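Remarks on the overall topology
Below, each chain spelled out in residue letters.
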Amino acid sequence: GDPRLDEPRFRNGHEGGFLWEVVGRLQHLRAIRDAAAAGQRVFYAQAVDVPTNSVELFSRSDAMEALQAFNMTKSGYLMGMCPLFIGMLVRLSQNTKHPLLVREVKGTIRNIQFHPMEDRHWERQPGTQDAIVLRYLPTAVIVELDDKELKEVRFADDLAPGYVMIGPTDSKWELKSYVQTHGSDGERNRSKKSTSLERRQIPLAPQKVNTQFGLQGVTARQGMIAYLHKPQSMDEGDHWLATYVLLSRATKLDDLLISGLPPLEFFQHGPGGTLQKHIAD
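The structure reproduced in this document is the subject of the present report. (Residues numbered from 1 in each chain as written. Predicted model: local features only at pLDDT ≥ 70, side-chain atom pairs only at ≥ 80, totals over all residues. Heavy atoms only, no water.)

What to know about the packing of aromatic side chains
Applying the stated criterion to the full structure yields 5 aromatic pairs. Centroid distance F43 to W122: 5.0 Å. Interplanar angle 65°. Geometry classified as edge-to-face. Taken as a pair, F43 in strand β2 (residues 43-46) and W122 in the loop between β6 (106-113) and β7 (132-133) lie far apart in primary sequence, 79 residues in all. The class for F43 is buried, based on a relative accessible area of 8%. Owing to a relative accessible area of 7%, W122 belongs among the buried residues under this scheme. Both rings, one in F266 and one in F267, keep their centres 5.2 Å apart while their planes meet at 85°; by these two values the pair is edge-to-face. (Phe/Tyr/Trp six-rings, centres within 6.5 Å; stacked < 30°, edge-to-face > 60°. Helix = DSSP H or I, 4+ residues; strand = E, 2+ residues; numbered from the N terminus. Buried < 20%, exposed > 50% of the residue type's maximum accessible area, 1.4 Å probe, protein only.)

A look at the nonpolar core
In terms of nonpolar packing, the biggest core is built from 38 residues, with F43, L84, I109, V141, V143, I166 and L204 touching the most fellow members. Among the elements that make up this core, the one with the highest residue count is helix α2 (residues 20-38) (5 residues). For L84, the contacting residues outside a window of four places in its chain are R41, V42, F43, A45, I109, I112, P138, V141 and L204. In terms of nonpolar packing, the next biggest core, distinct from the first, is built from 12 residues, F18, M234, A250 and L256 among them. (Core = buried A, V, L, I, M, F, W, Y, C linked by side-chain atoms within 4.5 Å. Contact = heavy atoms within 4.5 Å.)

Structural notes on the sheet that holds strand β8 (residues 140-145)
Read from one edge of the open sheet, 5 strands run β9-β8-β6-β5-β12, paired in antiparallel fashion. The open sheet has two edge strands, β9 (163-166) and β12 (204-206), and neither has a second partner. Direction aside, the axes of adjacent strands within the sheet are offset by 45° on average. Of the pairings in the sheet, the one linking β6 to β8 comprises 6 bridges and is antiparallel in character. (Pairing = 2+ DSSP bridges. Axes fitted to C-alpha atoms, helices over the stretch in contact; angles between N-to-C directions.)

Observations regarding the sheet that holds strand β14 (residues 224-227)
If you walk across this open sheet you meet the 4 strands as β13-β1-β14-β15, and the pairing is parallel. The two strands at the open ends of the sheet, each matched to only one other strand, are β13 (209-211) and β15 (256-259). This sheet shows a mean twist of 20° between the axes of neighbouring strands, independent of strand direction. Pairing of strand β1 (residues 14-17) with β14, which is carried by 4 bridges, proceeds in the parallel orientation.

Remarks on the pairing of β6
Bridge analysis of strand β5 (residues 89-92) against β6 gives 3 bridges, and the strand direction is antiparallel. What sits directly across from L89, in β6, is T108.

Details of α2
Between its terminal C-alpha atoms α2 stretches 26 Å, which fits the 27 Å expected from 19 residues at 1.5 Å a residue. Those residues of α2 that fall on the buried side of the exposure criterion are W20, V23, G24, L26, Q27, R30, A31, R33 and A35. Backbone geometry just after α2 places G39 at a positive phi near 70°. (Expected span 1.5 Å × (residues − 1).)

Side note on a nonpolar patch on the surface
Together, I258, L261 and F267 make up a nonpolar patch on the protein surface, roughly 250 Å² of accessible area in all. Looking at the element boundaries, L261 is found in the loop between β15 and α5 (264-269). (Patch = residues over 30% accessible without salt bridge, like charges linked within 9 Å, V, L, I, M, F, W, Y side chains within 5 Å. Areas by Shrake-Rupley, 256 points an atom, 1.4 Å probe, with all protein chains shown as cover. Salt bridge = Lys/Arg side-chain N within 4 Å of Asp/Glu carboxyl O.)

Some remarks on the pattern of salt bridges
Scanning the entire structure with this criterion turns up 18 salt bridges. In this structure, E15 engages R33 in a salt bridge whose closest nitrogen and oxygen atoms are separated by 3.4 Å. One end of the pair, E15, is in strand β1; the other, R33, is in helix α2, and 18 residues separate them in sequence. You'll find E15 and R33 in the same group, each marked buried. For the salt bridge of K172 with E198, the shortest nitrogen-to-oxygen distance reads 2.9 Å. Of this pair, K172 sits in strand β10 (residues 169-182) while E198 sits in strand β11 (residues 188-201), and the two are 26 residues apart along the sequence. Residue K172 is classed as exposed on the basis of its relative accessible area, which comes to 62%. Within this structure, E7, R9, K252 and D255 form a network of salt bridges that share partners.

Such coordinate-based values are descriptive only and should not be taken to indicate function.
If you want it as structure tokens, here you go:
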């Protein structure tokens, strides 16, 4: 509800945070907001997670938990629920072989090729823009690339130069969770559980929302929303450096919208913790 979010520099700019639990939610909020502004319907491609050890150990609740895993670095760089809409600014979340492209290549969605078994019921309901959770993964998403050199490359005979067909891809990952059991004395015990999974998903993600690692080297000329709330597990030195990365993406202070700004002493103190020790060494 912050009115500053309606300003073009923040509506169209970058967003970043330290925790995937924050960034993952921001990705979906951004997709919903951008789709509404463009008058487009959001389609959600649901990842297909298959256990590689035993199907019997993978319950419906396990599957739901896997879909809600926010940390893309731990889920094979594939989103559980991938939002897609025509005109959406996206980035490639995985390296691809066909065509040969590297992760973080940027572009714009121009078309979605739905699975032939998908019941396209939304086409029978004109005038509504309700989000749709697809029953099947799309066969491909057509993306127009941003890079000037790649715009000159014809990747397929039936596509214009600079257009690529991004289909589903696979990645292995580990779902780590906790299981509650009851001992013989009636007390609750909490134990760790790890399930090896293979995920199939469209390797795309919202383009301008990422962690401080993904935003390194980015110049936020259209504005930057920085979420600087410190995770409990983050070292003070890492927090200082991560804060520096997010705050230095914008080219001027007017283009910064900050949540969780640390006190002045934090900046005056400089990098502490293990980072300060590494610098001294």
